[in-house]
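# Descriptive analysis of the structure
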Amino acid sequence: MNRDQILAALSSDEDVSDNSFVDDSDADPDFNLNLSDDSDLEYVDVSDSSDDDTSIIPIIQTPTQTEPNWGPVSENVSCPVFNEQNETFGINPDLFDTLIDGMPFDFFSLFVDNEILSILVNETNRYGNNLCSLPLRPKSRLKKWTEVNIDEMKTFLGIVMWMGLTPQPSLASYWSKSYLYRSEIPKYMTRNRFEIILRTFHCSNNAECPPGDRLFKIRNLVDLLVMKFKMWNVPSENMCIDESVIPFVGRLSFRQFIKNKRHRYGIKVFKLCINDGYTIGFKIYAGQESVPGVGVSTKIVMELAEDYLDKGRTMYTDNWYTSVTLANQLLNRSTNLVGTLRSNRKFNPVSVVKAKLKKGEIMSSQSQNNIVVLKWKDKQDVLMLSTKHKNNTVVVNNKRGKQVVKPQMVIDYNKAKGSVDICDLRSSYHSPLRRSLKWYRKVMFEILLNTCLLNAMSLYTAVTSKKISVTQFRESIIHSLIKKIEVQPSEEKHILINAQRGKCYICYKEMAEQGGRQHAQKITRRVQTKCTKIFSVLFISMAKLSTKYGLQ
């Protein structure tokens with residue numbers, strides 16, 4: 001079979017995805033695709049294929065789904081039901097016994113505990129020692145490398161979070177002595193030490209990376225934290241799946257370009273969220289999700305929701321995920337689906353999609369599997385799919401206090417879909433992410449200092465019934481993480497002695513920063529006393545210069 005015959009065979013089967021379609025818009029649910037109404041968006045994404053042989057290989061055909069029979073919506077719609085009495089869900093009851101009066105750091109430690117900190121410490125030390133075994137430049141900071149411990153790692157993470165609260169133009173600005181950028185951070189860690197830890201910050205052993213595993217550097221950390229997320233909070237009936245973007249502009253094979261997002265370049269992350277923005281699933285898109293005959297969006301939903309299927313729960317998705325195919329797969333696992341729908345999805349009822357409606361009118365249709373597709377005219381056409389709703393409407397008050405009629409399907413969707421929006425909004429406040437050439441470092445900071453923190457805040461407000469802002473919660477955790485540098489007692493003594501009359505060292509330096517040396521010469525006062533600490537530093541510096549140039 002030649003190439004043309006293979007392509008013709010693939011195009012003839014509507015259920016097999018188009019492997020030649022390269023997609024840059026799949027992360028953006030609002031991206032408008034110029035496709036005909038009978039196009040199938042359940043494509044296979046190979047936008048980031050590996051370096052292996054790219055020759056076309058015949059694909060084993062999978063059974064095609066039959067066209068559903070659409071008819072009027074019946075009054076009796078049977079759907080999977082979530083039995084609250086037989087299911088255990090909600091926050092782990094142990095927290096109400098142990099942390100009812102807990103502090104924010106106690107809840108943060110449920111996720112970033114000694115197990116996580118030990119992994120960070122061990123792998124950072126391993127990577128740092130490996131770097132020091134290589135040839136270094138004469139003035140490399142790594143020549144001063146010493147292994148970190150758990151307390152120092154806590155201080156490091158606290159400082160990174162602190163930097164999100166007080167943005168500066170550069171990393172060096174936090175250690176600047178200029179009055180414009182003066183900070184308290186130098187009291188907790190020196191600049192050289194911080195940059196050394198930042199350079200070696202790791203959570204995996206590079207020597208164990210298998211060939212072709214793009215996410216090995218952060219896989220162990222992400223899987224372990226997701227397991228902790230699931231342990232402390234079990235979702236109830238409603239769950240929501242959506243994507244977020246971690247901004248990154250460096251070179252990366254699975255970096256995404258999304259033109260309608262604020263951060264157009266970045267790493268796409270799929271999140272499974274429940275009430276109050278609690279993240280219970282976290283999956284990084286690495287461009288290797290293609291499976292013959294299965295849409296990428298369908299595969300993502302089924303993987304993230306795998307642990308919570310067969311219980312009668314409801315998945316809320318946007319129009320990139322929602323399709324009749326996904327609805328049938330979830331119904332086979334006793335799970336409902338509610339979401340917005342693209343008009344060019346496969347198996348959509350033509351009578352509903354092409355209906356011309358006036359404002360406030362509704363057109364709906366139901367399949368033999370009780371899948372309801374509804375079109376409602378608001379300011380624009382709203383097309384939705386649900387396996388648990390009918391086409392009934394309710395009267396609600398809008399933002400202006402005016403009564404409007406809306407489908408119950410739309411109201412429930414807006415209420416449940418806000419969980420991911422809450423998570424994204426809170427994570428944008430004082431984000432600790434900074435520009436970096438290492439993609440895995442940004443992912444580590446995102447899940448450690450954003451996702452874990454927001455999940456801890458969700459548990460804190462639910463268990464203690466106390467209201468707290470994101471900023472206050474971050475401040476409390478930073479205070480618990482950072483630890484001041486231990487100073488030797490001999491270094492704490494400042495003794496004034498009589499000396500030759502001259503200009504004050506500190507004043508001269510500050511005046512020079514403000515107006516230059518000529519300004520400092522005119523303004524700086526002369527004094528007859530000096531601090532022994534400053535005097536000893538100057539004396540040692542002069543002694544080194546004398547030795548270097550052979551002066552007596």
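Bringing the overall build of the chain into the picture now. Of regular secondary structure, the chain possesses 16 helices and 15 strands. Counting only residues that meet the buried cut, the chain has 46% of its 552 residues in that class. Of all intrachain contacts in the chain linking residues separated by at least 6 positions in sequence, the fraction that spans at least 24 positions is 69%. When the accessible surface of the chain is totalled, it reaches about 30000 Å², and 50% of it is carbon and sulfur.

Attention shifts here to the pattern of salt bridges. Scanning the entire structure with this criterion turns up 18 salt bridges. Glu152 is the partner of Arg193 in a salt bridge, and the nearest nitrogen-oxygen pair spans 2.7 Å. Linking Arg193 in helix 6 (residues 191–200) with Glu152 in helix 5 (residues 150–165), this pair joins segments that are 41 residues apart in sequence. Under the relative-accessibility criterion, Arg193 is labelled buried at 12%.

Glancing now at helix 13 (residues 470–481). For helix 13, spanning 12 residues, the distance from its first C-alpha to its last is 17 Å, which sits close to the expected 16 Å at 1.5 Å a residue. Within helix 13 the residues assigned to the buried category are Val470, Phe473, Arg474, Ser476, Ile477, Ile478 and Leu481.

Now for the environment of Asn205. Relative to the helices and strands, Asn205 resides in the loop between helix 6 and helix 7 (216–232). Overall, the relative accessible area of 13% leaves Asn205 in the buried class. Spatially, the C-alpha atoms of Asn205 and Lys217 are 7.7 Å apart, while their sequence positions differ by 12 residues.

In this model helix 7 runs 26 Å from its N-terminal to its C-terminal C-alpha over 17 residues, within 8% of the 24 Å that 1.5 Å per residue would give. Those residues of helix 7 not exposed but buried are Phe216, Ile218, Leu221, Val222, Leu224, Leu225, Val226, Lys228, Phe229 and Trp232. Those residues of helix 7 that are buried are in contact with strand 1 (90–91), helix 2 (93–98), helix 4 (114–132), strand 2 (233–234), strand 6 (279–284) and helix 12 (439–464).

The residue Arg255 is located in the loop between strand 3 (238–247) and strand 4 (256–257) in this model. Residue classification places Arg255 among the partly exposed residues on the basis of a relative accessible area of 29%. The sequence separation of Arg255 and Trp439 amounts to 184 residues, and the corresponding C-alpha distance is 9.5 Å. Within polar-contact distance, the side chain of Arg255 engages the backbone oxygen of Val249 at 3.1 Å.

So, on to the nonpolar core. The biggest cluster of nonpolar side chains holds 112 residues, and the ones touching the most others in it are Phe108, Phe156, Phe194, Ile218, Trp439 and Leu448. For this core, the element with the most residues is helix 12, which contributes 16 residues. Residues Cys240, Val372, Val410 and Ala416 belong to the second largest nonpolar core, which totals 12 residues.

Another aspect to go through is the pairing of strand 5 (residues 265–273). As a general feature of sheets, a regular strand has side chains that alternate between the two faces. Buried residues dominate strand 5, accounting for 8 of its 9 residues. Where strand 3 meets strand 5, 8 bridges bridge the pair, whose relative direction is antiparallel. Of the residues in strand 5, the one forming a bridge with Asp242 is Lys271. Judged from the 5 bridges that link them, strand 5 and strand 6 form a sheet pairing that is antiparallel. Residue pairing in the sheet places Cys273 in a bridge with Thr279 of strand 6. Where strand 5 hands over to strand 6, the hairpin turn is made up of 5 residues, of which Asp276 adopts a positive phi near 60°.

So, about the packing of aromatic side chains. All told, the structure shown has 18 aromatic pairs when counted by the stated rule. Residues Phe201 and Phe445 carry aromatic rings whose centres are separated by 5.3 Å and whose planes lie at 20° to one another, so their mutual orientation is stacked. Taken together, the residues Phe201 in the loop between helix 6 and helix 7 and Phe445 in helix 12 connect sequence positions 244 residues apart. There is no split in this pair, since Phe201 and Phe445 are both buried. Taking the centre distance of 6.1 Å and the plane angle of 90° together, the rings of Trp439 and Tyr440 count as edge-to-face. Of the aromatic side chains, those joined through ring pairs into one cluster are Phe156, Trp175, Phe194, Phe201 and Phe445. Over the ring of Tyr285 we find Lys268, and its NZ or CZ is 4.3 Å from the ring centre.

Before going further, it helps to examine the packing of helix 4 against helix 5. Contact pair helix 4 / helix 5: the axes reach a minimum separation of 10 Å and the direction vectors enclose 95°. Viewed along their axes, helix 4 and helix 5 adopt a mutual orientation that is roughly perpendicular. Contacts between helix 4 and helix 5 involve Asn114, Leu117, Ser118, Leu120, Val121 and Thr124 from the first element and Ile150, Met153, Lys154 and Leu157 from the second.

Below, the discussion takes up a nonpolar patch on the surface. Taken together, the side chains of Tyr179, Leu180 and Tyr181 define a hydrophobic patch exposed on the protein surface, amounting to about 340 Å² of accessible area. By the secondary structure assignment, Tyr179 is in the loop between helix 5 and helix 6. Residue classification places Tyr179 among the exposed positions, given a relative accessible area of 53%.

Thresholds, definitions, all that
Residues numbered from 1 in each chain as written. Predicted model: local features only at pLDDT ≥ 70, side-chain atom pairs only at ≥ 80, totals over all residues. Heavy atoms only, no water. Helix = DSSP H or I, 4+ residues; strand = E, 2+ residues; numbered from the N terminus. Buried < 20%, exposed > 50% of the residue type's maximum accessible area, 1.4 Å probe, protein only. Contact = heavy atoms within 4.5 Å. Areas by Shrake-Rupley, 256 points an atom, 1.4 Å probe, with all protein chains shown as cover. Salt bridge = Lys/Arg side-chain N within 4 Å of Asp/Glu carboxyl O. Expected span 1.5 Å × (residues − 1). Polar contact = N/O pair within 3.5 Å; in protein donor to acceptor, adjacent residues only side chain to side chain. Core = buried A, V, L, I, M, F, W, Y, C linked by side-chain atoms within 4.5 Å. Pairing = 2+ DSSP bridges. Phe/Tyr/Trp six-rings, centres within 6.5 Å; stacked < 30°, edge-to-face > 60°. Lys NZ or Arg CZ within 6 Å of the ring centre and 35° of its normal. Axes fitted to C-alpha atoms, helices over the stretch in contact; angles between N-to-C directions. Parallel < 35°, antiparallel > 145°, perpendicular 65-115°, else oblique. Patch = residues over 30% accessible without salt bridge, like charges linked within 9 Å, V, L, I, M, F, W, Y side chains within 5 Å.

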